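Below, each chain spelled out in residue letters.
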Amino acid sequence: MTSETDRPSDAHAEHDKSEKPFWQVKRLDEMSRSEWESLCDGCARCCLNKLEDWDTGEIIWTNVACSLLDDKSCRCKDYDNRLETIPDCVPLDVAKVQSLTWLPPTCAYRLLDEGYDLYWWHPLVSGDPNTIHQAGISVQGKVISEEGMQVEDYENHIVFWPGAEEDDVPKLLNAE
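Since the model is a prediction, treat every value here as computed from it, not as a measurement.

Draft legend 1. Highlighting the overall build of the chain. A tally of regular secondary structure across the chain gives eight helices and five strands. Scanning the chain from its N terminus toward the C terminus, one meets helices and strands in the order α-α-β-β-β-β-α-α-α-α-α-β-α. Here the chain, with 176 residues, has 40% of them falling under the buried criterion. Considering only residue pairs separated by 6 or more positions, the chain has 62% of its internal contacts joining residues 24 or more positions apart. Of the accessible surface of the chain, which amounts to about 9900 Å², a share of 48% is contributed by carbon and sulfur atoms.

Below, the structure is given as structure tokens:
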């Protein structure tokens, strides 16, 4: 488990709110749709198939991506229609952010919900959508499509992603 000093600074500190970006002054449930959508850093880990140990609840990461994931841009090829195309796609909302066990500790939605700020590589902080890839946080170029793959084969594609474990986060903070 990481300590508060291992995470970004407290996002909900009391300061002059007019000078702070929206994610530092609004709760997730107060954000507009465009603000909410802009929180996605483009890591694409949400779009990976994960395995869960039924006995322990442990999430095991794979490099098997949803068939709609563009592994170069780390964006959905058909975002507006994804729920019709992929029945088990999970659209994020505040309640899901608070209950899903597989959101990585680096996820902006999770960080803000837990009271932390965004990391340096987040496009809203850096001003550059490529810093997520440069920091090695995204799945860009590191995944294979689930298309044509049997679920039983997913266990042959287990991987470790930087920041997937809370203990890994301090190392990421110093990678700037």
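Draft legend 2. Inspection of the nonpolar core at higher detail. If you look at the biggest cluster of nonpolar residues, it comprises 25 residues, and the most contacted ones within it are Leu28, Leu39, Tyr109 and Val139. Dropping the residues within four chain positions of it, leucine 39 is found in contact with Phe22, Trp23, Leu28, Met31, Ala108, Tyr109, Leu112, His122 and Leu124. Core analysis: the second largest hydrophobic core is formed by seven residues, Cys43, Tyr116, Trp121 and Ile132 among them.

Draft legend 3. Spotlight on the packing of aromatic side chains. Applying the stated criterion across every chain, the model contains four aromatic pairs. Residues tryptophan 36 and tyrosine 109 carry aromatic rings whose centres are separated by 4.6 Å and whose planes lie at 45° to one another, so their mutual orientation is tilted. Of this pair, tryptophan 36 sits in helix α2 (residues 33–38) while tyrosine 109 sits in helix α5 (residues 108–113), and the two are 73 residues apart along the sequence. Of the residues examined, tyrosine 109 reaches a relative accessible area of 6% and is grouped as buried.

Draft legend 4. Main features of the pairing of strand β1 (residues 48–52). Two elements, β1 and strand β2 (residues 59–65), share four bridges in a ladder whose sense is antiparallel. Counterpart to glutamate 52 in the pairing with β2 is isoleucine 59. In this structure, the hairpin formed by β1 and β2 is closed by a connection of six residues, where glycine 57 is found at a positive phi of approximately 80°.

Basis of the calculations
All residue numbers here refer to positions counted from 1 along the written sequence of the relevant chain. Local features are withheld for residues below a pLDDT of 70 in this predicted model, meaning they are given only at 70 or higher, and side-chain atom pairs are given and counted only at 80 or more; totals for whole chains, interfaces and linings count all residues. Side-chain numbers come from the whole structure's heavy atoms, not from hydrogens or water. Only DSSP runs of H or I reaching four residues or more are called helices, and only runs of E reaching two or more are called strands; each is numbered from the N terminus. For each residue, the accessible area found with a 1.4 Å probe, counting protein chains only, is set against the maximum for its type, and the residue is called buried under 20%, exposed over 50%, and partly exposed in between. Only heavy atoms enter the contact rule, under which two residues are in contact if any of them lie within 4.5 Å. Here, Shrake-Rupley sampling with a 1.4 Å probe gives the accessible areas, and only protein chains in the shown set may cover a residue. In this text, buried Ala, Val, Leu, Ile, Met, Phe, Trp, Tyr and Cys residues form a nonpolar core when linked through side-chain atoms within 4.5 Å. For Phe, Tyr and Trp, rings pair up if their centres lie within 6.5 Å, where Trp contributes its six-membered ring, and each pair is then called stacked (planes under 30 degrees apart), edge-to-face (over 60) or tilted (otherwise). If DSSP finds at least two bridges between two strands, the strands pair.

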